[in-house]
Amino acid sequence: MKESVVHSDPEILGGTPVFVGTRFPIQALTDYIEGGHSLNEFLDDFPTVSRDVAIAALEQAKAHLIADARAA
């Protein structure tokens, strides 16, 4: 299994899940997409998050959703 690109640590933003190696919450990416913004707009506003990491985070979220749906 691939290593997660999302990390949660009580010492970083009180445990809010962030992109590994940053202090940027993963929720910022989902908020951008929910708000109708593109991935490129997100990457422009959060330059320390690479495209590969952002896509990997979305892929991990998709995998969790699929696994949860199958378990239900």
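In what follows, the structure referred to is the one given above.
Values in this document were obtained by computation on a predicted structure and should not be read as measured data.

## Here's the deal with the nonpolar core
At step 1: Among the nonpolar cores identified, the biggest contains 14 residues, and Phe-19, Leu-29, Leu-39, Phe-42, Phe-46, Val-49 and Ala-54 are the most heavily contacted of them.
At step 2: Those elements that provide at least two residues to this core are α1 (26-34), α2 (39-45) and α3 (51-71).
At step 3: When residues of this core are assigned to their parent elements, the largest contribution, 4 residues, is made by α1.
At step 4: Excluding residues within four positions of it along the chain, Ala-54 makes contact with Phe-19, Leu-29, Leu-39, Leu-43 and Val-49.

## A word on α1
At step 1: Of the residues making up α1, those classed as buried are Ile-26, Ala-28, Leu-29 and Tyr-32. Each buried residue of α1 lies within a common arc of 160° when the element is viewed along its axis, so the set occupies one face.
At step 2: On the buried face of α1, the contacting elements are β1 (6-7), β2 (18-19), α2 and α3.
At step 3: Note on α1: the residue one or two positions beyond its end, Gly-36, has a positive phi of about 85°.

## Some words on unusual backbone geometry
At step 1: Backbone geometry places Leu-13, a non-glycine residue, at a positive phi of 50°.
At step 2: By the element assignment, Leu-13 lies in the loop between β1 and β2.

## Here we look at the packing of aromatic side chains
At step 1: Evaluation of the coordinates by the stated rule reveals 5 aromatic pairs.
At step 2: Summarising the aromatic geometry, the rings of Tyr-32 and Phe-42 are spaced 5.4 Å apart at their centres and angled 85° between planes, so their arrangement reads as edge-to-face. Of the two residues, Tyr-32 sits in helix α1 while Phe-42 sits in helix α2, which places them 10 residues apart along the sequence.
At step 3: What makes Phe-42 buried here is its relative accessible area of 0%.
At step 4: With a centroid separation of 4.7 Å and 25° between ring planes, the pair formed by Phe-42 and Phe-46 is classed as stacked. Phe-46 carries the same exposure label as Phe-42, and that label is buried.
At step 5: A connected cluster of aromatic rings, assembled from ring pairs, spans Phe-19, Phe-24, Tyr-32, Phe-42 and Phe-46.

Rules behind the numbers
Residues numbered from 1 in each chain as written. Predicted model: local features only at pLDDT ≥ 70, side-chain atom pairs only at ≥ 80, totals over all residues. Heavy atoms only, no water. Core = buried A, V, L, I, M, F, W, Y, C linked by side-chain atoms within 4.5 Å. Buried < 20%, exposed > 50% of the residue type's maximum accessible area, 1.4 Å probe, protein only. Helix = DSSP H or I, 4+ residues; strand = E, 2+ residues; numbered from the N terminus. Contact = heavy atoms within 4.5 Å. Arc of directions from axis to C-beta. Phe/Tyr/Trp six-rings, centres within 6.5 Å; stacked < 30°, edge-to-face > 60°.

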